Amino acid sequence: MLAADVRDGRAAAPLPRRGRGLVSWRMRRHAFAYAMMLPTFGLTALFTIYPLLNVLFHSFYSGSLFSLAHSFVGLANYVTLIQQGGIAALGTTAVYTIGFVISATVLGIACALLLNLPLRGTEAVRTTFIIPLVVPIVATAIVWTTLFNAYFGPVDAFLSFIGLPRIDWLGDPAMALTTVIMFSTWQYVGQNVILFIAALRAIPVEVREQALVDGARGWRNFWRITLPLITPSLVVVTVIGTITAMQAFTQIYIITQGGPIDATTTAAFYVYQQAFQFFNTGASDAMAAIIFAITLLLTLVQTRLLSRLGGGGIG
Amino acid sequence: MAVSKRSSAVAVLGVASILTTALALGSGALAAPHHGAAANKVTITMWNTSTGPGLVALDKTVAEFNSTHPDIHVNNIFITQQDQILNKLSTALAVGQEPTVLVGDVPSNGPQELKSGKMVNLNAWAHKTVDKLIYPKQVAGCVYKGVQFCIPNGAGDYALYYNKTEFAQAGIKTPPTTWAQVVADGKKLTDPAKNRYGIYIPFGTTEWTVWTFEGMLWANGGQFLNRNNTKALFDSPAGVQALTVWYNCLYKDKVAPLTSFSTPQNSDGEQAFASGLVAMLIDGSWDLNTFDQAKVNYGVTYFPAMRQFATNTGQGSIDVFNTGAAQVKAAETFLQWYLQPSVQVPENAAVPGSMTNEPAVNNNPTFIKDQHKYMNVFFGDLKYAHIRPTLVSYPAISAALGQQIDEVLYNKETPAQALKIAAQEADQILKKNGE
Amino acid sequence: MASAAATLTVPVGRRGRPVRWSFLVWYPLVVIAGFVMAMPLLWMILTALKTNGQVLNLASPIFPHPLVWQNLVQAWDSAPFGRFYLNSIIFTVSATLGQVLTSAMAGYAFARFRFPGRDLFFYLTLTGLMIPFVTVMVPVVQLVNDFHWLNTYQGLIVPNIQNAFGMFLFRQYFLSLPTEVEDAATVDGASLVRRFTVVALPMARPIVSAFALLAFLVNWNNFLYPLLVTKTQNMMVVPLGLSIFQSQYTTYYNLLMAAALIAVVPVLIVSVFAQRAIVNGITLGSFR
């Protein structure tokens, strides 16, 4: 990965060296980089990595929510997971993550393109996209359940008004996960739109001019020119979207409480269940460790893979 | 390109962040809570999860105590909503920041909370003072392995609400007394085209579903666990029959709606009854006020019988944590004052649908007069009430059983299958935990 | 220059004249998108102005009649929201400023410099996002307690001064930014620090603004962490105040929505203006 000193295959112009020689210059650069990175990394190391190691460690111990006593049990917690619906939870998480990341990313790009057009209403509509981010999730999730209520909700009322059959959005185990994905997408797409619009508008003027002069239209314009240029944003959106989806809990808790039965019990919800319904912190730590491992793997894969789409050199 | 403009922007940013941080740190120092000025005054922290009229009444009562007891100050704080209390309490206990008193816990958390070693054993004090004011069965629900770990606070059972208007329209003269009658009435009341059903069956994997199922079980003469609490007995034929009644309401007789109205906070399905979707609802006295507000023309009758009448009681609890000898003593003084009927009557009379744990209060004429007119039904049903076992395993058993009941209610398993699986899981849990 | 760009973004047809018919396709989509986004907020407003009885009766009419403005007053009075607001502002502004600064610094370091362990540190920082908070909450609170920061502003703010998402965002942005301008500044004699503060950071203004807005909203709505580190009501933040309407007996939906509106309206107004500024800033900023 030669990101910093190489750009589009061209080496950077050699810079004047200061100080007493080669070693000192490089060390000053390193020192500067470490210093810049330190606040973020230092605080992360203290307040997240250290507790994270704590969790990984405790996943091999038995424990309960209120007790200070722990005893080493090796892989017993992981075995419990497998026996008590952990695999199903991971499967549900996979479906949820894929569904959410695809919808939120694709709709994010689509809405960003749409709202980037010089139409008169776009600025007002762009404003509505931050509503889901501003309003507390406890309120929006409750409203969502009311809107999608099978008997009284306006969504089903609208469906029957236009002649389509009513759908049991939240009560049908087959539909419930989709409804939760829809909520999460609605909630999250505004963030993606903001980032993609920023990326679209950062495309240099010359590139846009050139494309129009060349007569490139519609899809080809998008695929060949626009998409590669917004790839850095695409990487962020996809990676962060995946990480967020793997952790999704609050909206599931409010909208379906993991139900119907276990249709929306994702791994993160399973973690909560084990800790607060079964009081079994060993099992919840084990599932958390699994979530962590999978998320890390996905992140590594995605950053390497996606950056290649943009022409290499990034990621 | 105004480089100076941009660097001044950065400078402004930097100064702003420094100022804000300084303000924050300064205010942080100022925000430190004062402790009582008087030298001998003991301050205790009390957390509550009360809301609405209950919170208003509690605040008023505590203020009265503080003004009449100059040597004790009870710092009453609404800490969070009830379903977040485990988050807050577990972290507080882990760092030694627990309150002295917690109002709004539930006894089923107690055996687990005892493991923290910080709960006060109330035997010595409570037996001599407040326990005799409270229904004995409820006191027993707060005892685990001989240790009383909490004091019951707030009680409830459930009965059957029915919509008088709907009943009149369907030509039903009297409310049902047995489940067979519920089904028969339900058939007359159900009209899917008009979004009308007979009764709401409690979907959801929360304790509510299990709590109401237990009433069905007991009404059919079944038992939850065996006498020694070593084996589950709810998969007996009585239990299977009881669960089958619910299943039939949904899929055979079709007198119940097929969707869940459960929320994270409660699963009783109040919205279904308030909206007129169902004409009957299993619910407790706390929703009397709700349906008054929703302007439903309702009546209340005993929880329907099968072989006998039964219902379930549940309660909230008050915990005391060992934050210091002086504070525990002060807490006991406060609680002894708080639980006397002369205090409990006015506090609970102000909260519609409130059922207390004390016979002296529930039978007090002033309380009866000021309370809701249908409270007598809930009190009457109380004589048929059973109580859940107080065990370390109970939360896990309930979670397992709730999941299986839900499988039946969503037509994924038969009642016999589900209860058998749940009983096996319960036996394993009991074996693992020792009881 | 600005007008030239505006003309250039209008799709031109073969004969060079704007193709109006395509707008007929896009316009309804824009309206639908706006409606879908705004609908839950509209529903919230309607719910906030009903009695709780009307809210619980799902069959009651959508539009409340009469409008119960009293709910807003009652919600405000139910808890010390004035104090919650002050705490939220202090917490959110400080945390957001901190996150913007530290993320920009770290993102710049990861993008522009090759130093030993760079990729390791990068991914380690991201790991912070990968574990469910409920499992780490006890160790985190223990740490905060060890610093004697429970129930203080520093306890709320300091652990939230970093943001791995922001770091990632800035890193991607700086990676895609050509180094010519910075190199020119270095040739002119700028130190490393000046390269960052005077040259690179101002060029990152679109991302700074976008991230600042997003971070502000996330920090404003943070519920669980403040719940765990505050002990007294005078340190609580607005999201914690919303708990007061949710009970195990009945949820006062109308008051909850009213309180959520009180929590939201000022933030929404600020966000609207901020977003307008971001977008305009972006448009202007792209003409370097």
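Small disclaimer: the values here were computed from a predicted structure and weren't measured.

(A) Representation of the overall build of chain B within the structure. Across its full length, chain B holds 19 helices and twelve strands. Projected onto its principal axes, the C-alpha positions of chain B cover 75 × 75 × 50 Å. Residues counted as buried form 56% of the 435 residues belonging to chain B.

(B) Structural context of the overall build of chain C. A count of helices and strands for chain C gives 15 helices and zero strands. Residue burial in chain C is summarised as follows: out of 288 residues, 56% are buried. Within chain C, contacts between residues at least 6 apart in sequence are counted, and of these 73% link residues at least 24 apart.

(C) Examining the domain arrangement of chain C more closely. Split by domain assignment, chain C resolves into domain 1 (2-71) and domain 2 (80-245). Inter-centroid distance (C-alpha atoms) of domain 1 of chain C to domain 2 of chain C is 32 Å.

(D) View of the sheet that holds strand S8 (residues 197-199) of chain B. All names here are of chain B. Reading across the sheet, the four strands line up as S8-S9-S7-S10 and stay open at both edges, with mixed pairing between neighbours. The open sheet has two edge strands with one neighbour each: S8 and strand S10 (298-301). Across the sheet, the axes of successive neighbouring strands diverge by a mean angle of 25°, strand direction being ignored. Relative to S10, strand S7 (residues 158-163) runs antiparallel, the two sharing four bridges. Residue pairing across strands places Tyr162 opposite Gly299, the latter belonging to S10. Each of S8 and strand S9 (278-284) touches helix H8 (residues 179-189); the most contacted strand, S8, lies at about 160° to it.

(E) View of the interface of chain B and chain C. On the chain C side, the residues contacting the 45 residues of chain B number 46 residues. Sort the elements by how many residues they give to the side of chain B that touches chain C and helix H1 (residues 3-30) of chain B lands first, with 13 residues. For the side of chain B that touches chain C, a count of residues per class yields 15 nonpolar, 24 polar and six charged.

(F) Focus on the interface of chain A and chain C. At the interface, 94 residues of chain A touch 94 residues of chain C. Tallied by class, residues from the side of chain A that touches chain C come to 69 nonpolar, 17 polar and eight charged.

(G) Structural context of the environment of Ala109 of chain C. The residue Ala109 of chain C is located in helix H5 (residues 81-112) in this model. Once the C-alpha coordinates of Ala109 of chain C and Phe170 of chain C are considered, the two residues, 61 residues apart in sequence, prove to be 9.7 Å apart. Non-local contacts of Ala109 of chain C, meaning those with residues more than four positions away in its chain, are made with Ala33, Met36 and Met37 of chain A.

(H) Main features of the nonpolar core. Counting residues in hydrophobic clusters, the biggest one holds 307 residues, and the most contacted among them are Ile199 of chain B together with Ala260 of chain C. Among residues more than four places away in sequence, those in contact with Ala260 of chain C are Val135, Pro136 and Ala139 of chain A together with Met44 and Leu242 of chain C.

(I) Quick look at helix H14 (residues 341-349) of chain B. Along H14 of chain B, the residues classified as buried are Gln344, Val345, Glu347, Asn348 and Ala349 of chain B. Structurally, H14 of chain B contributes buried residues whose contacts are with helix H2 (52-68), helix H15 (359-362) and helix H16 (365-370) of chain B.

(J) Structural view of the domain arrangement of chain B. Residues and elements named next belong to chain B. If you check the domain split of chain B, you get domain 1 (42-155 + 314-380) and domain 2 (158-313 + 387-433). Spacing between the C-alpha centres of domain 1 and domain 2 amounts to 28 Å. On the domain 2 side, the residues contacting the 23 residues of domain 1 number 20 residues. Sorting the residues of the side of domain 1 that touches domain 2 by element identifies helix H4 (110-113), helix H6 (136-140), strand S4 (143-144), strand S11 (311-320) and helix H17 (375-381) as the ones contributing at least two each. Among the elements that make up the side of domain 1 that touches domain 2, the one with the highest residue count is H17 (four residues). Taken together, the residues of the side of domain 1 that touches domain 2 break down into eleven nonpolar, ten polar and two charged.

(K) Examining the environment of Val134 of chain A more closely. Position of Val134 of chain A among the secondary structure elements: in helix H5 (residues 131-134). Judged by C-beta crowding, with 23 C-beta atoms within 10 Å, Val134 of chain A ranks as buried. Measuring from C-alpha to C-alpha, the distance between Val134 of chain A and Gln187 of chain A comes to 9.6 Å, with 53 residues separating the pair along the chain. Excluding its chain neighbours within four sequence positions, the residues that come into contact with Val134 of chain A are Leu217, Val264, Val267, Leu268 and Ser271 of chain C.

(L) Seen up close, the confidence of the model for chain B. All names here are of chain B. On average, residues of chain B score 89 in pLDDT, and 91% of them are at 70 or above. Confidence drops under a pLDDT of 50 for residues 1-12, and excluding neighbours within four residues, the segment shows seven contacts in the predicted structure. Between residues 24-37, whose pLDDT stays under 50, and residues either more than four places distant or in other chains, the model counts 19 contacts.

(M) Structural context of the confidence of the model for chain C. All names here are of chain C. Residues of chain C with pLDDT of at least 70 account for 88%, and the chain-wide mean is 85. For residues 283-288, every residue scores under 50 in pLDDT, and the model assigns this stretch eight contacts once sequence neighbours within four places are set aside. For this predicted complex, the interface score ipTM comes out at 0.85, while the overall pTM is 0.88.

(N) Summary view of the packing of helix H9 (residues 207-219) of chain B against helix H10 (residues 237-251) of chain B. Residues and elements named next belong to chain B. Relative orientation of the contacting elements H9 and H10 amounts to 120°, with a least axis distance of 8 Å. By the angle between their directions, the pair H9 and H10 is classed as oblique. Regarding H9 and H10, the two cross each other, and that crossing is right-handed. Residues Phe213, Met216 and Leu217 of H9 touch H10, and the partners they reach there are Ala238, Gly239, Ala242, Leu243 and Val245. For the contact of H9 with H10, the class distribution of residues is seven nonpolar, one polar and no charged.

(O) Seen up close, the pairing of S11 of chain B. All names here are of chain B. Counting buried positions along S11 yields ten of ten residues, so the element is predominantly enclosed. Here S11 shows two buried faces, one formed by Thr311, Thr313, Gln315, Ser317 and Asp319 and the other by Asn312, Gly314, Gly316, Ile318 and Val320. As paired elements, strand S3 (residues 101-105) and S11 share four bridges and run antiparallel to each other. Bridged to Val103 within S11 is Ile318.

(P) Broad picture of the packing of helix H11 (residues 231-246) of chain A against helix H9 (residues 164-176) of chain C. H9 of chain C packs onto H11 of chain A with a crossing angle of 160° between their chain directions and a minimal axis gap of 9 Å. The angle between H11 of chain A and H9 of chain C places the two elements in the roughly antiparallel class. Pair H11 of chain A / H9 of chain C crosses with right-handed handedness. Taken together, the residues of H9 of chain C that come into contact with H11 of chain A (itself represented by Pro232, Ser233, Val235, Val236 and Ile240 of chain A) are Phe165, Phe168, Leu169, Gln172, Tyr173, Leu175 and Ser176 of chain C. Counted by class, the contact of H11 of chain A with H9 of chain C contains nine nonpolar, three polar and no charged residues.

(Q) Main features of the pairing of S7 of chain B. All names here are of chain B. The buried fraction of S7 is high, at six of six residues. Strand direction decides the pairing type here: S7 and S9, joined by five bridges, are antiparallel. In the strand pairing of S9, Tyr161 is matched with Leu281.

(R) Just the environment of Gln191 of chain A, in detail. Secondary-structure assignment places Gln191 of chain A in helix H8 (residues 173-201). Not counting chain neighbours up to four residues away, the residues in contact with Gln191 of chain A comprise Leu133 of chain A together with Leu214 of chain C.

Conventions adopted
Each chain has its residues counted from 1, running along the sequence as written. A letter from A marks each chain and a number from 1 marks each ligand, given out in the order of writing. Local features are withheld for residues below a pLDDT of 70 in this predicted model, meaning they are given only at 70 or higher, and side-chain atom pairs are given and counted only at 80 or more; totals for whole chains, interfaces and linings count all residues. Helix numbering and strand numbering both begin at the N terminus, where a helix is a DSSP run of H or I of at least 4 residues and a strand a DSSP run of E of at least 2. Put simply, a residue is buried when 20 or more other C-beta atoms lie within 10 Å of its own C-beta and exposed when 12 or fewer do; between those, it is partly exposed, and each C-beta is set from the backbone. Remark: residues whose backbone-derived C-beta atoms lie within 7 Å of one another are considered to be in contact. Where a domain begins and ends is set by an automatic assignment or by a domain database. Only when DSSP finds a minimum of two bridges between them are two strands counted as paired. What counts as an axis is a line fitted to C-alpha atoms, over the stretch in contact for a helix, and the angles between N-to-C directions run from 0 to 180 degrees. Residues are grouped as follows: Ala, Val, Leu, Ile, Met, Phe, Trp, Tyr, Cys and Pro are nonpolar; Asp, Glu, Lys and Arg are charged; every other residue, Gly included, is polar. Each nonpolar core comprises buried Ala, Val, Leu, Ile, Met, Phe, Trp, Tyr and Cys residues, the members being joined through C-beta atoms within 7 Å. A residue's pLDDT is the predictor's confidence in that residue, given on a scale from 0 to 100. In these notes the angle categories are as follows: under 35 degrees is roughly parallel, over 145 is roughly antiparallel, 65 to 115 is roughly perpendicular, and the rest is oblique. Helix crossings get a hand from a simple test, with the near helix turned counterclockwise from the far one by less than a right angle marking a left-handed crossing and a clockwise turn marking a right-handed one.

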